Amino acid sequence: MSTLELMADSFLKILLPGIRMTIPLTIIAFSIALVIALLVAMIQYAHVKVLSEICRFYIWVVRGTPLLVQLYVVFFGLPDLGIIIDPFPAAVIVFSINEGAYCAETIRGAMEAVPKGQMEAGYCVGLNYWQIMFKVVLPQAFRSAFPALSNSLISMTKDTSLAANITVVEMMMATNRIIARVYRPLPLYIEVGIIYLIISTALTALQRAGEKRLRRYEEAEVKIHAGV
Amino acid sequence: MLECKGITKSFGALEVLKGVDISVHKGDVVTILGPSGSGKTTLIRCMNFLERADAGTITFDGVTYDFASIGKKEIAMLRKKTAFVFQEFNLFLNMTAIQNVMVGLTTARKVPKEEAAKRARAALERVGLGDRADFYPGQLSGGQKQRVAIARAIATDPEIIFFDEPTSALDPELTGDVLAVMRSLAADGMTMLVVTHEMSFARQVSSHCIFMEGGVIVEEGTPEQIFEHPVSQRTATFLKL
């Protein structure tokens, strides 16, 4: 089989696990990660006693240990304690928790960058803490965190290839299986790389479109300063 | 209408307010003058609970609260009857001018949207910015931002508006429009407490002037008394009489 024939023949065999596993894993885990991140960021922003300490500990541990180790602990380690989790849910849990820690820091930073005076102004017009949070602070924080969060999403999409190590049949695992049969690593690894590249490119395009939509009021500001 | 007694406030070892009494009657325009670090901004911020005074009482519409023990609910209730204009405007940057003015009505006071929009538009007209309703703060000049902030303050029909150096962050040529709006509010009988460095505004518009230094009120009285016949040498020196 020629190289091109092999690549054409394998394309769907790699892409389908991508559609069945890589993309759902990314979407589910990233959505959960955002929820975790928002909660953690809000707890830290408000300096809630005890809870913020717990959040700091969580971020410290998750960011300080390799993702692969975290996957192994949950999938190969927890069964020792009688906790057996299937590969896909195990991957979802680990990726959510891992990504949640990084995104929490992104969101917290963006929240703290919102000028504090707006919080005071919010109280003065009669809003309460939660109304200020949801109407003023978070919308602005989300806008400024958006590029960094998109970055995390793209990064995580590629990191899901690590889930192959805990027997999730995603694109990397599918590629390895074909290679084990035909022993032609170079074209096949390049092929899976290209598929990741296509997905990342699509996400980058989405990010651009999203940023453009979100940036309305900031663009207005730039125009004024440029004297346009 | 609003009376505070014995307000004290320290930041760490620094005693910023050393027992200040102040009272504002309905329709008054009270200006607070004084050098930087005299405690005037802290005083006005304490009166709206942006800083928590260490001691003292506040009487609003006949009800007296203790600064040391007033609860969150009472603070929220008092804030709904007042408004605050900041030196740095503090507009909500993710909202247009009209949204800035409306949010205190719709979200905080549950005014129906159409009515809130009508009142917000009227408030913007009042400050001369009817044509800037859909502009974001980033698209407005400093003076326009501060006028939106004033529109936001008057839209909720407050019993008193606190102004904390409303023109100090503006270019000299932009202060005029803001001061003109404040003059016209005063002429309409709005009760105002104004911390300011604008001497001519204080002299011409206020019904009562307070000169502060070192966390205490050095002297107070009518503008004529303060500007023309100050009793304290310090007041005279500050006003360069």
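All figures in this text were calculated on a predicted structure; none of them were measured in a lab. (Residues numbered from 1 in each chain as written. Chains lettered and ligands numbered in written order. Predicted model: local features only at pLDDT ≥ 70, side-chain atom pairs only at ≥ 80, totals over all residues. Heavy atoms only, no water.)

Caption draft 1: Region of the structure containing the overall build of chain A. Each helix and strand counted, chain A has nine helices and zero strands in total. For chain A, the sequential pattern of α-helices and β-strands runs α-α-α-α-α-α-α-α-α. Principal axes of the C-alpha set define a box for chain A whose edges measure 70 × 55 × 25 Å. Taken across its 228 residues, chain A has 43% of its residues classed as buried. In chain A, once contacts between residues fewer than 6 apart in sequence are set aside, the share between residues at least 24 apart is 76%. Accessible surface computed for chain A: about 12,000 Å², of which carbon and sulfur atoms make up 69%. (Helix = DSSP H or I, 4+ residues; strand = E, 2+ residues; numbered from the N terminus. Buried < 20%, exposed > 50% of the residue type's maximum accessible area, 1.4 Å probe, protein only. Contact = heavy atoms within 4.5 Å. Areas by Shrake-Rupley, 256 points an atom, 1.4 Å probe, with all protein chains shown as cover.)

Caption draft 2: Region of the structure containing helix H1 (residues 40–47) of chain B. Residue and element names in this part refer to chain B. In terms of burial, H1 is largely enclosed, as seven of its eight residues are buried. Burial in H1 covers these residues: Lys 40, Thr 42, Leu 43, Ile 44, Arg 45, Cys 46 and Met 47. At the C-terminal side of H1, Phe 49 shows a positive phi close to 65°.

Caption draft 3: A look at the pattern of salt bridges. All names here are of chain B. Following the criterion strictly, the structure yields 16 salt bridges over all chains and no others. The residue Arg 119 makes a salt bridge to Glu 115 at a minimum N-O spacing of 3.6 Å. Of this pair, Arg 119 and Glu 115 both sit in helix H4 (residues 113–126), four residues apart, roughly one helical turn. The class for Arg 119 is partly exposed, based on a relative accessible area of 26%. Looking at Glu 115, the relative accessible area reads 39%, which means it is partly exposed. (Salt bridge = Lys/Arg side-chain N within 4 Å of Asp/Glu carboxyl O.)

Caption draft 4: Here's a closer look at the packing of aromatic side chains. Per the counting criterion, the structure on display carries ten aromatic pairs over all chains. Ring centres of Phe75(A) and Phe76(A) lie 4.9 Å apart, and the angle between their planes is 80°; on these two criteria the pair is classed as edge-to-face. With a centroid separation of 5.6 Å and an interplanar angle of 50°, the aromatic rings of Phe49(B) and Phe67(B) are classed as tilted. Pair noted here: Phe49(B) is in the loop between H1 and strand S4 (55–60) and Phe67(B) is in the loop between strand S5 (63–66) and helix H2 (72–80), with a separation of 18 residues, a long-range link. Among the residues examined, Phe49(B) registers a relative accessible area of 7% and is labelled buried. By the ring-pair criterion, three or more aromatic residues cluster together here, those being Tyr72(A), Phe75(A) and Phe76(A). Positioned over the ring face of Phe135(B) is Arg132(B), at 4.8 Å from the centre of the ring. Sitting above the plane of the Phe92(B) ring, Arg152(B) keeps its charged end 4.7 Å from the centroid. (Phe/Tyr/Trp six-rings, centres within 6.5 Å; stacked < 30°, edge-to-face > 60°. Lys NZ or Arg CZ within 6 Å of the ring centre and 35° of its normal.)

Caption draft 5: Examining the interface of chain A and chain B more closely. Across the contact, 21 residues belong to chain A and 24 residues belong to chain B. Carbon and sulfur atoms make up 64% of the surface buried where chain A meets chain B, a total of about 2,000 Å² over both sides. The tally of links between chain A and chain B comes to one salt bridge. Between Glu120(A) and Arg45(B) there is a salt bridge whose closest N-O contact spans 2.6 Å. Between chain A and chain B we count seven residue pairs in polar contact (both at pLDDT 80 or more) in total. For the side of chain A that touches chain B, the secondary-structure elements that each account for two or more residues are helix H5 (116–124), helix H6 (129–159) and helix H9 (216–225) of chain A. It is H5(A) that contributes the most residues to the side of chain A that touches chain B, seven residues altogether. Considering only residue class, the side of chain A that touches chain B consists of ten nonpolar, six polar and five charged. (Buried area = accessible area lost by both parts, 1.4 Å probe. Polar contact = N/O pair within 3.5 Å; in protein donor to acceptor, adjacent residues only side chain to side chain. Nonpolar A, V, L, I, M, F, W, Y, C, P; charged D, E, K, R; others polar.)

Caption draft 6: Expanded view of a nonpolar patch on the surface. Residue and element names in this part refer to chain A. The grouping of Phe 11, Leu 12, Leu 16, Ile 19, Ile 23 and Ile 27 at the surface amounts to a nonpolar patch, some 540 Å² of accessible area in total. Along the chain, Leu 16 turns up in helix H1 (residues 3–45). Judged by relative accessible area, Leu 16 falls into the partly exposed class, the value being 42%. (Patch = residues over 30% accessible without salt bridge, like charges linked within 9 Å, V, L, I, M, F, W, Y side chains within 5 Å.)

Caption draft 7: Expanded view of the packing of H1(A) against helix H8 (residues 185–214) of chain A. Residues and elements named next belong to chain A. The interhelical angle for the contact between H1 and H8, taken along N-to-C directions, is 45°, at an axis separation of 9 Å. For the element pair H1 / H8, the angle class is oblique. Note that H1 runs across H8; the crossing there is right-handed. Touching Thr 3, Leu 6, Met 7, Ser 10, Phe 11, Ile 14, Leu 15 and Thr 22 of H1 are Pro 187, Leu 188, Glu 191, Val 192, Ile 195 and Tyr 196, all from H8. Classifying every residue of the contact of H1 with H8 gives ten nonpolar, three polar and one charged. (Axes fitted to C-alpha atoms, helices over the stretch in contact; angles between N-to-C directions. Parallel < 35°, antiparallel > 145°, perpendicular 65-115°, else oblique. Left-handed = near helix turned anticlockwise from the far one by under 90°.)

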